[in-house]
Amino acid sequence: WYLKPRRPSPPVYPGALPIIGHAHRMLGNVLQLWQMEKEVYHFCLENGGIIEIQLGPRSVYVITDLDDCLTVANTCLDKPYIYDFGKQLYDRGLVTANALIWKPQRKLLNPAFNQQILNTFVQEYSLQAKRLTTKLTTEAGKDRFDVVPYLLKNVLGSVYKTVIGVKPNDHEQEMTLKHYAHATDKFFAMIEDRLFSVWLHLPFIFNMSYLKKKQDAVVQFLKSTTETIIMNRKSERKQTTYADSVPQATSGYKPILDLLLDIGEKQVFTDEEIREQLDTIIGAAYDSTTRAMTFCLILIGTYPKVQARIQKELQEIFDDPDRDLTRHDLPKLVYLEAVLKETLRLYPPVPRVGKSSESPVRLKHYTFPAGTTFVLSLYGMNRHAVWGADANEFNPDRWLNPDTLPDNPNAFATFSIGKRNCIGKQSAMMSMKTTLAYILRRYSVTGDIRNVQCKCDLILKQVSGHYIGLQSRT
Ligand code: HEM
């Protein structure tokens, strides 16, 4: 046994203890946890691009090597057990579904996110962004403030309109959705609690816990809210023609709920599946987009020259300061897009994704058996050596010239890579560009990224707000 050749295995991250492995490193406050996670990713980058972490009896392989990440992303379409923590609400939704269920569902959902449909959403993104800039007047000229609640409301407004199709001035539904947003936050916080309490990973302990009781109540509320929305929408569709029932239809867009109900009428989706997909899309969209825009505003506030260039670009595109942004303006916002992408590269809202292998996986230097758990470090890929010596620096200019970008298209991994990447990537970019353009046309931003402390539960976020100040430009 001793002399038998062993299959080569990746280096183990230092600090593993007998029996518990690296589990003791998961103790500490949220700041320490993200710090330690970053250290793991940098260690991986410096030690061949794949390392082993031991969580009690389980081995998890962290990868930053771009080719190995792509192999895993395309061959391991299942998710590890940690994703099951969200299944009580999302179940067959795209993020948590197992590979067999995911494949046909993704095929059906792809058309709902095609460019033509997204183009019809821009008017709504514009409307929401305009409202946001008006609300921000109360903060202009004052000290630094917390922009997150403002952006959150803006993102939720856009998501609810484009995904569910909330009617204008439907205050009752708006209130319900406000409660829905709070409940989603609570649900995420509970998943986070379970994630960092290793003993609660065991279903039989979790099922007896107080956390499970609390989670049941929140999930019940979330499910019933979305079910009622779907039921009401279905009966509206029966009673009226589409154009009569959805006032926004005049602006030319059909909310994703209606697209799913169209598919459902062909008996492909059950109401429960539609509910799971809607809850998933809303959950996946709102915090990631909010936090990305917050990081972007802080960075713009930190670099006055970058801000001046954005404002020059905006002035050239919008000669009339009151003109509304249309979809034709979005491709012209070249520098703003470079700044946004550079923000997303350095501060990816989802810094890692988990993958689980259904069959043996052969990577460049190692082969793994079926059932292996991998973590693709999107944070690490975004700072890989292929980005050059300034990989850790904020340099939006790199996006303006293809020669200064890595040849490997998977080096920018913020929206994940491979077949199971983010379905909402385009809509996220379009809505964020629209919102940032409105804010920066009206305000100058001050901020300092060096003051920002980060934590990471499911999403990478600022620990607290009060990181930016706004001054009116008029
Ligand atoms: C800055 C904003 C966003 C970022 C950084 C982001 C990032 C990601 C990442 C990394 C994944 C893979 C997750 C995993 O495998 O665990 C993902 C999946 C997903 N995202 Fe996004 N996302 C963003 C915005 C959105 C928006 C706006 C929507 C919807 C409108 C959306 C819907 C989804 C869905 C449904 C999935 C699951 C895809 C699948 O497994 O087929 N995301 N996103």
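Residues numbered from 1 in each chain as written. Predicted model: local features only at pLDDT ≥ 70, side-chain atom pairs only at ≥ 80, totals over all residues.

Chemist: How should the overall build of the protein chain be read in this particular structure?
Modeler: Regarding its fold elements, the protein chain presents 17 helices and ten strands. For the protein chain, whose C-alpha radius of gyration is 23 Å, the value lies close to the compact-globule estimate of 23 Å for 474 residues. The dimensions of the protein chain, computed from C-alpha atoms along their principal axes, are 75 × 55 × 40 Å. Out of the 474 residues in the protein chain, the part that is buried amounts to 41%. If you take every contact in the protein chain between residues at least 6 apart in sequence, the share linking residues at least 24 apart comes to 76%. (Helix = DSSP H or I, 4+ residues; strand = E, 2+ residues; numbered from the N terminus. Rg over C-alpha atoms; globule rule 2.2 N^0.38 Å. Buried ≥ 20, exposed ≤ 12 C-beta atoms within 10 Å, placed from the backbone. Contact = placed C-beta atoms within 7 Å.)

Chemist: What's the story with the pairing of strand E7 (residues 443-447) in this structure? I'm lost.
Modeler: A regular strand places its side chains so that they alternate between the two faces of the sheet. Burial of the side chains of E7 is restricted to one face: Tyr443, Val445 and Gly447 are buried, whereas none of Ser444 and Thr446 on the reverse face is. Relative to strand E10 (residues 468-472), E7 runs antiparallel, the two sharing five bridges. Counterpart to Thr446 in the pairing with E10 is Gly469. (Pairing = 2+ DSSP bridges.)

Chemist: What's the story with the site of the ligand in this structure? I'm lost.
Modeler: Taken together, 22 residues lie near the ligand, and Ala284, Ala285, Ser288, Cys422 and Gly424 sit nearest. The greatest single-element share of the shell around the ligand, amounting to seven residues, is contributed by helix H13 (residues 271-302). The residue makeup of the shell around the ligand, split by class, is 13 nonpolar, seven polar and two charged. (Near = placed C-beta within 6 Å. Nonpolar A, V, L, I, M, F, W, Y, C, P; charged D, E, K, R; others polar.)

Chemist: Would you mind going over the nonpolar core with me for this structure?
Modeler: Core analysis: the largest hydrophobic core is formed by 113 residues, its most contacted members being Val163, Cys296, Leu376 and Leu436. Here the element with the most residues in this core is H13; it accounts for 15 residues. If we ignore the near neighbours within four places in the chain, the residues touching Val163 are Pro255, Ile256, Leu257, Leu278, Ile281 and Ile282. (Core = buried A, V, L, I, M, F, W, Y, C linked by C-beta atoms within 7 Å.)

Chemist: Is there a simple way to explain unusual backbone geometry in this structure?
Modeler: The backbone of Ile19 sits at a positive phi, close to 70°, despite the residue not being glycine. With respect to the helices and strands, Ile19 occurs in the segment before helix H1 (30-46).

Chemist: I tried to follow the confidence of the model for the protein chain on my own but got confused; where do I start?
Modeler: Reading predicted coordinates in detail is not appropriate for stretches of low pLDDT. This prediction gives the protein chain a mean pLDDT of 91; 96% of its residues lie at or above 70. In the predicted assembly, ipTM is 0.99 and pTM is 0.94. (pLDDT = per-residue confidence, 0-100.)

Chemist: For this particular structure, what's the right way to read the packing of helix H8 (residues 171-196) against helix H10 (residues 210-239)?
Modeler: Each packed pair of helices is defined by two parameters, the angle between the axes and the distance between the axes. Following both chains from N to C, one finds H8 and H10 inclined at 145°, their axes separated by 9 Å at the closest point. Every pair of crossing elements has a handedness; the one defined by H8 and H10 is left-handed. Listed contacts from H10 to Thr176, Tyr180, Ala183, Thr184, Lys186, Phe187, Met190, Asp193 and Arg194 of H8 are Leu211, Lys214, Gln215, Val218, Val219, Phe221, Leu222 and Thr225. (Axes fitted to C-alpha atoms, helices over the stretch in contact; angles between N-to-C directions. Left-handed = near helix turned anticlockwise from the far one by under 90°.)

Chemist: Would you take a moment to explain the pairing of strand E2 (residues 58-63) for this structure?
Modeler: Sheet topology note: the strand E1 (residues 50-55)/E2 ladder contains six bridges and is antiparallel. Across the sheet, residue Ile50 finds its bridge partner in E2, namely Ile63. Hairpin connection of E1 to E2: two residues between the antiparallel strands, including Gly56 at a positive phi of 60°. Where E2 meets strand E6 (residues 373-377), four bridges bridge the pair, whose relative direction is parallel. Residue Val62 lies in a different strand from E6, and its bridge partner there is Val375.

Chemist: Looking at this structure, how should I read the sheet that holds strand E3 (residues 352-356)?
Modeler: Adjacent strands of a sheet form backbone hydrogen bonds with each other and so pair up, either parallel or antiparallel. Pairing is mixed across the open sheet formed by four strands, whose spatial order is E1-E2-E6-E3. Two strands bound the open sheet, and with one partner strand each, they are E1 and E3. Recorded for the sheet is a direction-independent mean angle of 30° between the axes of neighbouring strands. The strands touched by H1 are E1, E2 and E6; relative to E1, the strand with the most contacts, the crossing angle is about 145°.

Chemist: Explain the environment of Val40 here, please?
Modeler: Mapped onto the elements of the fold, Val40 is located in helix H1. Between the C-alpha atoms of Val40 and Leu363, which are 323 residues apart in sequence, the distance is 20 Å. Aside from chain neighbours lying at most four places away, what touches Val40 is Tyr13, Ile53 and Val62.

Chemist: When you look at helix H14 (residues 304-317) in this model, what are you seeing that I'm missing?
Modeler: Since one α-helical turn is 3.6 residues long, residues separated by three or four positions face the same way. Along its 14 residues, H14 runs 20 Å from first to last C-alpha, staying within 8% of the 20 Å computed at 1.5 Å per residue. Buried within H14 are the following residues: Val306, Gln307, Ile310, Glu313 and Leu314. The buried side chains of H14 occupy one side of the element, clustering within an arc of 125° when seen end-on. Looking at H14, the residues exposed on the side facing more than 90 degrees away from the buried face are Pro304, Lys305, Ala308, Lys312, Gln315 and Glu316. Contact partners of the buried residues in H14: H13, helix H15 (334-346), helix H17 (425-442) and E7. (Expected span 1.5 Å × (residues − 1). Arc of directions from axis to C-beta.)

Chemist: Sorry, what's going on with the environment of Asn408 here?
Modeler: Tracing the backbone shows Asn408 in the loop between helix H16 (378-381) and H17. For the pair formed by Asn408 and Leu66, sequence separation is 342 residues and the distance between their alpha carbons is 8.0 Å. In this view, Asn408 contacts Leu66 and Val386; residues no more than four positions away in its chain are not counted.

Chemist: Could you clarify how one ought to interpret helix H2 (residues 66-75) in this entry?
Modeler: For H2, the full list of buried residues reads Leu66, Asp68, Cys69, Val72 and Ala73. The buried residues of H2 occupy an angular sector of 160° when projected down its axis, which confines them to one face. In the core, the buried residues of H2 are packed alongside E1, E2, E3, strand E4 (361-362), E6 and H16.

Chemist: Can you walk me through the environment of Thr435 in this structure?
Modeler: Here Thr435 shows up in helix H17. We classify Thr435 as buried; it has 27 C-beta atoms within 10 Å. C-alpha separation for the pair Thr435 and Glu265, spaced 170 residues apart in sequence, amounts to 35 Å. If we skip the residues at most four places from it in the chain, Thr435 touches Tyr125, Ala129, Leu132, Asn154 and Met293.

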